Structures are given as C-alpha cells and as structure tokens.
Amino acid sequence: MENEPEVKKERETKDDGRYIIFYTFEDEEEGED
Amino acid sequence: MNQLRWDPTLREWVAYATHRQERTFLPPAEYCPLCPTKPGGFPTEVPRESYEIAVFENKFPSFAPNAPAPEEPGTSLTPTAPGRGICEVVLYSDDHAATLATMGERRIHNLIRVWTDRYEELGSLDFVDYVFIFENKGEAIGVTLHHPHGQIYGYTFIPPRPAKELEAAREYRKQNYERCLHCDLLSQEHEDGRRILIGGEHFTAFIPFYAHFPFEAHVYSRRCAPSIADLGAEERSDLASVLKRLLVGYDSLFGFSLPYMMVMHQAPTDGGDYDGVAHFHIEFYPPNRTADKLKYLAGSETGAGAFIMDVLPERTAETLRGKIEAR
C-alpha cells in the first residue's frame, strides 16, 4: 500500500461552538475492504 | 471548571474537571451520542446521517483551550494553574457495534492517518507540549460509552509517565554511545524471541520482559521513528496489519471482546530535540488475568508504585501468540 488514497477533511462548527472534523477516504468510498 | 493543582510530593500536576461528573453514562444503544444523527431521531454529537472517521472536541473536557485562571489561588508550595489543553474524541466508525478488532485493515490504516493528522495539528499549537493518543475500551476500564472511539489529550506539559520514559532514554543514550534505549530493548526481544507476538516488516508486537499486566503488549516501530508523524505509507500499512492481528488475538483469549487501555508514547511537541530519545510505540494494558479475574491496581501498585505479577510474561506471550497464530 505505497500509494495511499486521497483523504477529504471537512471541518465544521457545531451549534455550541465546538468543532467536528469529518475524514473521508477515497478507498472506503469505493466500498472496498 | 478546569484547574490544575501541583502535588509537590510527587512533583506532578493533578487535573480537576468537576463538570465531568455530569457526563453521559452508559446510555442505551438507541440514545448513543456518538452514532450519526438519523432523520427524525434525536440529535447526537454527529450532525450527519453517516460518517467514516470523525473527530470532535469533547463536551466534557478534562482540559479546555481557554480555561480561565483558577478561582483557587493555591500557594507557593501548592500552586494552581488553568486547566488548559485540548480534549478530542475520535470516532472510529459509525457502526455502534464495531470495535477496532472487527474493523478491516484499511479502516485501521485510515485511522492511523487521522491520528497522524491530529498529532501534527494539535502539536503545532504553541500551548500543547504533548499529544497523547489513547483508547479506553470496556466497562472494566470504566468507559461511559460503548461506541468505538478513542481520545486525544493535548497537554500543556509532558505527563509524568512519558516524561519518566524519556528521561530514562536520554540517560541511557548518554551512557551507551548514543544508542536508543527502545531500539536496544526491541533487539533484545527479537534475540530472545520468547515474548514476540507478531514480527511485522516494520512493527513488532511483544509482551515486554517487565510487563506490568499479564497480557500487556507493546507495538514498537522497528525503525527509530520519534513520532507517528515520522512514519511512511508502508510503515502505516504494516502497523495496521500488526494491530489487527494483535486485537483479533486479544478477542480470542477468553471468548469475549477484551477490555484494554491503549496508549501511544512518542516525541513531545514542545520544540525539544527527541531524536534517538523518543521512539514511537503503542502500549496495551488489558486488565484481565483470566476470563473472570482482573488485575487490580491495589495497595502495592497504587500506594507504593510497585507492581506485583503472578504470571511470567513468557507464559502469557506463549498463550497469546498461540491465539494469534491460530487465526
């Protein structure tokens, strides 16, 4: 696994001001595992 | 309220976070705050219908980025300080019933990339001197939520146990021609072989010669990498494979999902030079000594700091290695 899949990092602010970060990986979007 | 109080007898900080008394305690699965928010359902911590891996600021943090000066002023002998720091929750999956052991290697590999990102981002904050990545799993450890997750603390100081380990490594290096303590320990374990659990290409899992818990396992980078951020893609891949095999082995030991504490030790982020001193590794401390008996930290362990073990690491390594190799 020399080439790692692209990762999408999305940072959002919750209603109370705390942050939440979502990590989405290209390989998992393809449904492989 | 987040506050630090100095214990001058042990020369260490104790953190007080009284609001944590109110935190959610073992809710039923349908009210899990770490599951995704479903249409028409109650709002959880995660405002999405699904996710892969997510990280958010703990609602009940032991430390807070903007902790105010403590109301209790302390004294010159026992000073206080703001309970400043960062506390994050890392959600491994949106599947409530999953554990790290049941996840595929790919998800574990991706989780390692998330841990790396958090180490780098939190470590870049000027007030964070140590990024501590850990997981408490199972009610025997005292978890309050079953959903698969870990935590990250960004401390404003190097906590006592890693500090003691770093001091030992620095002293060893000084007395042994600049050699790395952890590299030499790993070489010794490989030469002996009796306590090796998994020998990966880049990582080795073993029960240390001086284990403090019956099935305590350490996962060492074979290269002297100071932190998780120093690993390459192939090393992350191998680490995922070694972790998967170790965790599946753990769950095979007694026929149930084994509780454990998992902690990472690596280079502080205080701007110091830790090459050849810090050596990235992961330590697992499962409390079980048998299926129905736990290793308690009782009088000698808690009051004297002296661990008493009733089984040798060579014996437990043989048992656990058999379970790992049988899978």
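Because the structure is predicted, anything quoted here is derived from the model rather than measured.

(A) Structural view of the sheet that holds strand 1 (residues 2-7) of chain B. All names here are of chain B. Strands sit in the order 2-1-4 across an open sheet of three strands; the sheet is antiparallel. Strand pairing shows two members of the sheet lacking a second neighbour, strand 2 (12-17) and strand 4 (80-82), which therefore form its edges. Taking the axes of each pair of neighbouring strands and ignoring which way they run, one obtains an average angle of 30° across the sheet. Of the pairings in the sheet, the one linking strand 1 to strand 4 comprises three bridges and is antiparallel in character. Residue pairing in the sheet places R5 in a bridge with T80 of strand 4.

(B) Looking closely at the pairing of strand 6 (residues 130-137) of chain B. Residue and element names in this part refer to chain B. When you tally the buried positions in strand 6, you get six out of eight residues, the bulk of the element. Taken together, the four bridges between strand 6 and strand 11 (residues 260-265) define a ladder with antiparallel strand orientation. If you follow F134 over to strand 11, its bridge partner there is V263.

(C) Spatial organisation of the interface of chain A and chain B. Each partner contributes residues to the interface: chain A has 16 residues there, and chain B has 20 residues. Mapped onto the side of chain A that touches chain B, the elements with two or more residues apiece are strand 2 (19-25) and helix 1 (26-29) of chain A. Tallying contributions element by element places strand 2 of chain A first for the side of chain A that touches chain B, with seven residues. When its residues are assigned to classes, the side of chain A that touches chain B shows eight nonpolar, one polar and seven charged.

(D) Looking closely at the sheet that holds strand 8 (residues 196-199) of chain B. With antiparallel pairing, the 11 strands of this open sheet are ordered in space as 1(A)-2(A)-3(B)-5(B)-7(B)-6(B)-11(B)-12(B)-10(B)-9(B)-8(B). Two strands in the sheet have a free side with no partner beyond their single neighbour: strand 1 (7-13) of chain A together with strand 8 of chain B. Averaged over all adjacent pairs, the angle separating strand axes in this sheet is 20°, with direction ignored. Alignment of strand 2 of chain A against strand 3 (residues 53-57) of chain B, held across four bridges, turns out to be antiparallel. Directly across from I20(A), in strand 3 of chain B, lies its bridge partner F56(B).

(E) Inspection of the environment of V219(B) at higher detail. All names here are of chain B. Tracing the backbone shows V219 in strand 10 (residues 217-221). The sequence separation of V219 and V89 amounts to 130 residues, and the corresponding C-alpha distance is 22 Å. Setting aside residues up to four positions removed in sequence, V219 forms contacts with F203, A205, V242, L243, L246, H281 and I282.

(F) A look at the packing of helix 4 (residues 233-253) of chain B against helix 6 (residues 313-326) of chain B. Residue and element names in this part refer to chain B. With their axes 8 Å apart at the nearest point, helix 4 and helix 6 run at an angle of 110° to one another. One element, helix 4, and the other, helix 6, form an angle in the roughly perpendicular class. As for how helix 4 packs across helix 6, the hand of that crossing is right-handed. Along its contact with helix 4, which presents R245, L246, G249, S252 and L253, the element helix 6 presents L320, K323 and I324. A per-class count over the contact of helix 4 with helix 6 returns four nonpolar, two polar and two charged.

(G) Molecular detail of the environment of Q175(B). Among the structural elements, Q175(B) can be located in helix 2 (residues 160-175). Spatially, the C-alpha atoms of Q175(B) and G83(B) are 37 Å apart, while their sequence positions differ by 92 residues.

(H) Spatial organisation of the confidence of the model for chain B. Across chain B, pLDDT averages 95, with 98% of residues at or above 70. As a predicted assembly, this complex carries a pTM of 0.95 together with an ipTM value of 0.94.

(I) Structural detail: unusual backbone geometry. Residues and elements named next belong to chain B. Although it is not a glycine, R11 adopts a positive phi angle of roughly 55°. Considering the arrangement of structural elements, one finds R11 in the loop between strand 1 and strand 2. The exposure class of R11 is exposed, given the 9 C-beta atoms found within 10 Å. For E178, which is not glycine, the phi dihedral falls at a positive 65°. You can see E178 is positioned in the loop between helix 2 and helix 3 (181-192). Classification of E178 by C-beta neighbours within 10 Å gives exposed; the count is 10.

What counts, and where the lines are drawn
Residues numbered from 1 in each chain as written. Chains lettered and ligands numbered in written order. Predicted model: local features only at pLDDT ≥ 70, side-chain atom pairs only at ≥ 80, totals over all residues. Pairing = 2+ DSSP bridges. Helix = DSSP H or I, 4+ residues; strand = E, 2+ residues; numbered from the N terminus. Axes fitted to C-alpha atoms, helices over the stretch in contact; angles between N-to-C directions. Buried ≥ 20, exposed ≤ 12 C-beta atoms within 10 Å, placed from the backbone. Contact = placed C-beta atoms within 7 Å. Nonpolar A, V, L, I, M, F, W, Y, C, P; charged D, E, K, R; others polar. Parallel < 35°, antiparallel > 145°, perpendicular 65-115°, else oblique. Left-handed = near helix turned anticlockwise from the far one by under 90°. pLDDT = per-residue confidence, 0-100.

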